[in-house]
Amino acid sequence: MIETRDLRKTFRSRSRGRVDALDGLTLTCERGQVYALLGPNGAGKTTALRILSTLMTPSGGDALIDGISVTAEPEAVRRKIGVVSYETRPYDRLTPRETATLFGRLSDMEEADIARMIGEISDLLEMKDFLDEPAEDLSTGMKQKTVLLRALVTNPTVLLFDEPSAGLDVLTAKRVTDYIRLLRDQGRTVLFSTHVLWEAERLADRIGIIHRGRLAEEGTLEDLRRRTGATDLEDIFFDRVMEG
Amino acid sequence: MAGVRNKAWLIFMKEIRVILRDRRMVMGIVLGGLVVFPLLMALIGSLGEDGDASVTVVLYEPDAELLRAAGTLEGASVMSRQGGGPDLPLPDGPRLSAGVGTDGYWLEASRANPVVWSVARALEEALVDGRSEVVRRRLELRGVPPSDLEPYSIRLLDTSDSRDRSAAVLAVLVPYLAIIILVSNAIRATYIAVGEKEKNTLASLLVTSVPRSSIVLGKTLAVMAVAVSASTLLVVGMVAFSALGLSIGESGLDGGYRPGVGQFALVAANLSTLSLLVAGAIMAIGTFARTQREAGYFTAPLLFLCIFLAVFSFSPRAFPLWTNAVPVLVNALAMRDAILTVPAGRETALAALGNVLVFAVLIGAAVRMYRKESILFRT
């Protein structure tokens, strides 16, 4: 389960002065749900995910992963999460198998479990052909799959994806979204941010539209349609962002 | 604590694997370490030979004694000008002049050129020796034993043998080159600290349950391994050079000197603790900087500072006690003394203590930086 309570994050910029990247964000993603966080650039999606993944500390409020506070017990939170971001890259000189093995060992996994997880995930993501190639020789899509393998090898219960399909071709993007659906079916909790509205429509149990650091709208797709009177998620998104 | 060590070891092994797959870096470490010393010795030797051969001694109206003295000079050509006829053109290049004055001989040479100055001193010495011989003969003719007037001349005898001269050369070169190679290779390994930020791989490591101290420790060990391996290869190159009995020019290193195990142990101890200090500095810089280029703004002055401090090993004199508190300098002097078989245990121990203390402060700073979000983001 993922919760944020009145989450705030303030930056100081020389040109813009005080910037409230998050201004009281409160949301809940139940265990086994997929939650899509939508919003324009600079809305606060990435900041929220960085706080949830313990890379940033909030200026106010708190965030909980399975009831554990990211500010009070960040190391305990890290044992539960897997993080995939469009910004992160695999180690160029290591192969996907070596990278995944390293991260499994860093998480105190048994060698047999690591090998089993690598086998399962690489089957599902169709990685067998390049599992032992150095990442520097791989395509963008293969590298993104490597990043997924690295995040998932530890079998985390909560997954945080920051624009997981950004920069990927249609085939690879579909493979990734199919995999997120599978994770949901396995009972994992998934929170992902995206600019691709059809991804949210297809995958998410709940959708949150974030604008200027706070939730402008939240609920299931049906809830959003009922409340806004629009049928298309794109129309709902534009209404809420323009209104905000 | 065991977990911290295990994870630090995993990070260390990852970094070593990445380094070993970087062929250019491995080549740089191996060739730089093994080739630098013989190359420098060849350069020093060839410079020395050329310098000696090119000095011209111009004698103005010389008498027989001045001609005799000039004839004893090695590695210098002599030109004589007599009779007040038209002057012949003087050759280009370094030269000195000598002649007979009203109350003795005169010599003119530039001290700015050490080779010219050394030839002038040799000529002065030959003239003094010749004059002493004349006096001795005159005393004998008058029936006075020359020993009655002793000591009327003082002779300075060079008691060194080839072994001593080899030791003197090694005592200068080992500390200087080892420190430069160690620091420059540690700087080359800056990417171990800063590369993960530049290549966007650090965030993935920071969201694992690995303690920040393990990440810093693992990376520090990898920087140390690079630094130590290069300077070890340098010492291996020197030992091999010495063991093969190679002699180059006037360098003085003719293979007569074999440092003992204890001496090498002291050099190794100094290099080990120095690598701690340097790895700590590189980690602190690499953690603070966001890019390799930004790190360069700090590592370049660090290298110059270390070169400046290592230069003091060129001086054979003893330094004041407070210099024991100056990192790098104390290591350079301890290594110099170790090779010259001067007791260097105290300096080595002091250097180790100082280096470990500075290392602890620098690594503490790096761990603190790793615990802040500014390690990844400008906030």
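Structure first, text after, so check above.
Fair warning: this is a prediction, and the values are worked out from it, not measured in the lab.

Procedures and definitions
Residues numbered from 1 in each chain as written. Chains lettered and ligands numbered in written order. Predicted model: local features only at pLDDT ≥ 70, side-chain atom pairs only at ≥ 80, totals over all residues. Helix = DSSP H or I, 4+ residues; strand = E, 2+ residues; numbered from the N terminus. Buried ≥ 20, exposed ≤ 12 C-beta atoms within 10 Å, placed from the backbone. Contact = placed C-beta atoms within 7 Å. Rg over C-alpha atoms; globule rule 2.2 N^0.38 Å. Pairing = 2+ DSSP bridges. Axes fitted to C-alpha atoms, helices over the stretch in contact; angles between N-to-C directions. Parallel < 35°, antiparallel > 145°, perpendicular 65-115°, else oblique. Left-handed = near helix turned anticlockwise from the far one by under 90°. Nonpolar A, V, L, I, M, F, W, Y, C, P; charged D, E, K, R; others polar. Expected span 1.5 Å × (residues − 1).

Chemist: Sorry, what's going on with the overall build of chain B here?
Modeler: Tallying secondary structure elements over chain B gives 12 helices and four strands in all. Per-residue burial for chain B yields a buried fraction of 38% across its 379 residues. Considering only intrachain contacts with a sequence separation of at least 6, the fraction spanning at least 24 residues in chain B is 75%.

Chemist: Could you clarify how one ought to interpret the overall build of chain A in this entry?
Modeler: Regarding its fold elements, chain A presents nine helices and 10 strands. Whereas a compact globule of 244 residues would reach a radius of gyration of roughly 18 Å, chain A reaches 18 Å, a difference of no more than 12%. Expressed as lengths along the three principal axes of its C-alpha atoms, the size of chain A is roughly 50 × 40 × 35 Å. Evaluated residue by residue, chain A yields a buried proportion of 46% over its 244 residues.

Chemist: In this structure, what is going on with the environment of B:Ala227? I would like to understand it.
Modeler: Residue and element names in this part refer to chain B. Within the secondary structure, Ala-227 sits in helix H8 (residues 212-243). For Ala-227, a count of 29 C-beta atoms within 10 Å puts it in the buried group. Here Ala-227 is in contact with Leu-182, Asn-185, Ala-186, Ala-189, Ser-275, Val-278 and Ala-279, once residues within four sequence places are set aside.

Chemist: For this particular structure, what's the right way to read the pairing of strand E9 (residues 206-211) of chain A?
Modeler: On a regular strand, each side chain points to the face opposite its neighbour's, so the side chains alternate between the two faces of the sheet. All names here are of chain A. Taken across its six residues, E9 has six buried, putting it largely inside the fold. Here E9 shows no split at all, with Arg-206, Gly-208 and Ile-210 on one side and Ile-207, Ile-209 and His-211 on the other all buried. In this structure, strand E3 (residues 34-38) lies alongside E9, joined through four bridges in parallel fashion. If you follow Tyr-35 over to E9, its bridge partner there is Arg-206. Of the strand pairs in this sheet, E9 and strand E10 (residues 214-219) are connected by five bridges, and their pairing is antiparallel. Each residue of the ladder has a partner; that of Ile-207, found in E10, is Gly-219. Taken together, E9 and the strand that follows it, E10, pair antiparallel across an intervening segment of two residues, in which Arg-212 is found at a positive phi of about 50°.

Chemist: Would you mind going over the packing of helix H3 (residues 64-71) of chain B against helix H4 (residues 114-141) of chain B with me for this structure?
Modeler: Axes are the key here: two packed helices are described by the angle between their axes and the distance separating the axes. All names here are of chain B. Relative orientation of the contacting elements H3 and H4 amounts to 130°, with a least axis distance of 9 Å. Compared by their axis directions, H3 and H4 come out oblique. Remark: the crossing between H3 and H4 carries right-handed chirality. Residue-level inspection shows Glu-65, Arg-68, Ala-69 and Ala-70 of H3 in contact with H4, the latter providing Leu-123, Ala-126, Leu-127 and Gly-130. Along the lines of polarity and charge, the residues of the contact of H3 with H4 split into five nonpolar, one polar and two charged.

Chemist: I keep staring at the environment of A:Arg18 and nothing clicks. Help me out?
Modeler: Residue and element names in this part refer to chain A. Looking at where Arg-18 falls in the secondary structure, it is placed in strand E2 (residues 17-29). Note: C-alpha distance between Arg-18 and Gly-187 (169 residues apart in sequence) is 40 Å. Setting aside its immediate chain neighbours within four residues, Arg-18 contacts Thr-10 and Arg-12.

Chemist: What is the right way to look at helix H12 (residues 345-370) of chain B in this model?
Modeler: In an α-helix, one turn spans 3.6 residues, which is why side chains three or four residues apart end up on the same side. For H12(B), built from 26 residues, the straight-helix expectation of 38 Å at 1.5 Å per residue is met to within 8% by its first-to-last C-alpha distance of 37 Å. Those residues of H12(B) lying buried are B:Glu347, B:Thr348, B:Ala351, B:Ala352, B:Asn355, B:Phe359, B:Leu362, B:Ile363, B:Ala366 and B:Tyr370.

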